[in-house]
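Notes for the structure review
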Amino acid sequence: MRCPYCGTLDDKVLESRTMVNGESIRRRRECLACGYRFTSYERIDEKPFMVVKRDGRRQPFDRQKLEKGIERALEKRPVSTSMVEQISNDIEDLAIKLGKENREISTSSLGELVLEKLSQIDAVAYIRFASVYRHFENLEEFITEVKNIEKKGH
């Protein structure tokens, strides 16, 4: 660490202390060249997990947005609020696993994860989400999707 007084790179750590929240470490240092004492802080520099939109824009992953979409699809369905939270947790974990390398996931991949989860839980919620996510243009597309879910055994 460069001494803020003389600019030398030689120092020794006198004391290290983990800060209250455990997210940073405070270190008291002493410059070996001039004896100046100073404090440094060490913390993890974590890049946010990003979602890549269809038009190429990137925005931070928003769990609340994910939950809202799932809640809307499950509205007035026999599924508990704790189940919505569990579904959101599962999807968030899967998304982070899939996008681990470059810390991002496309909205299409994220949407497919939601559809896969909803298809296991509630066919009506699946169709609701699919109709918004897949932008059905006409009745035939909608009917085809309903037939596909019927084939899967729902």
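Quick caveat: nothing in here was measured; it's all calculated off a predicted structure.

**Considerations on the nonpolar core**
Core analysis: the largest hydrophobic core is formed by 23 residues, its most contacted members being Ile-70, Leu-74, Ile-91, Leu-110, Val-114, Leu-118 and Tyr-126. Sorting the residues of this core by element identifies helix 1 (63-73), helix 2 (81-98), helix 3 (107-121) and helix 4 (123-133) as the ones contributing at least two each. Residue contacts for Ile-70: discarding those within four places in its chain leaves Val-84, Ile-87, Ser-88, Ile-91, Val-114 and Leu-118.

**Some thoughts on the pattern of salt bridges**
With the rule as written, the count across this model stands at ten salt bridges. Between Arg-27 and Glu-42 there is a salt bridge, and its shortest N-O distance comes to 3.0 Å. Note that Arg-27 is positioned in strand 2 (residues 24-31) and Glu-42 in strand 3 (residues 37-43), a separation of 15 residues in sequence. With a relative accessible area of 18%, Arg-27 lands in the buried category. On the basis of relative accessibility, which here comes to 41%, the residue Glu-42 falls in the partly exposed class. Note that Lys-117 is salt-bridged to Asp-90, the shortest N-O span being 3.3 Å. Here Lys-117 is found in helix 3, whereas its partner Asp-90 is found in helix 2, with 27 residues between them in sequence. Judged by relative accessible area, Lys-117 falls into the buried class, the value being 19%. In this structure, a network of salt bridges that share partners links the residues Arg-63, Glu-67 and Glu-92.

**Quick word on helix 1**
Taken together, the buried positions of helix 1 are Leu-66, Glu-67, Gly-69, Ile-70 and Ala-73. All buried residues of helix 1 fall inside an arc of 160° around its axis, so they share one side. In helix 1, those exposed residues whose orientation departs by more than 90 degrees from the buried face are Gln-64 and Arg-72.

About the thresholds
- Residues numbered from 1 in each chain as written.
- Predicted model: local features only at pLDDT ≥ 70, side-chain atom pairs only at ≥ 80, totals over all residues.
- Heavy atoms only, no water.
- Core = buried A, V, L, I, M, F, W, Y, C linked by side-chain atoms within 4.5 Å.
- Buried < 20%, exposed > 50% of the residue type's maximum accessible area, 1.4 Å probe, protein only.
- Helix = DSSP H or I, 4+ residues; strand = E, 2+ residues; numbered from the N terminus.
- Contact = heavy atoms within 4.5 Å.
- Salt bridge = Lys/Arg side-chain N within 4 Å of Asp/Glu carboxyl O.
- Arc of directions from axis to C-beta.

Spatial relationships are all this shows, so hold off on functional conclusions.
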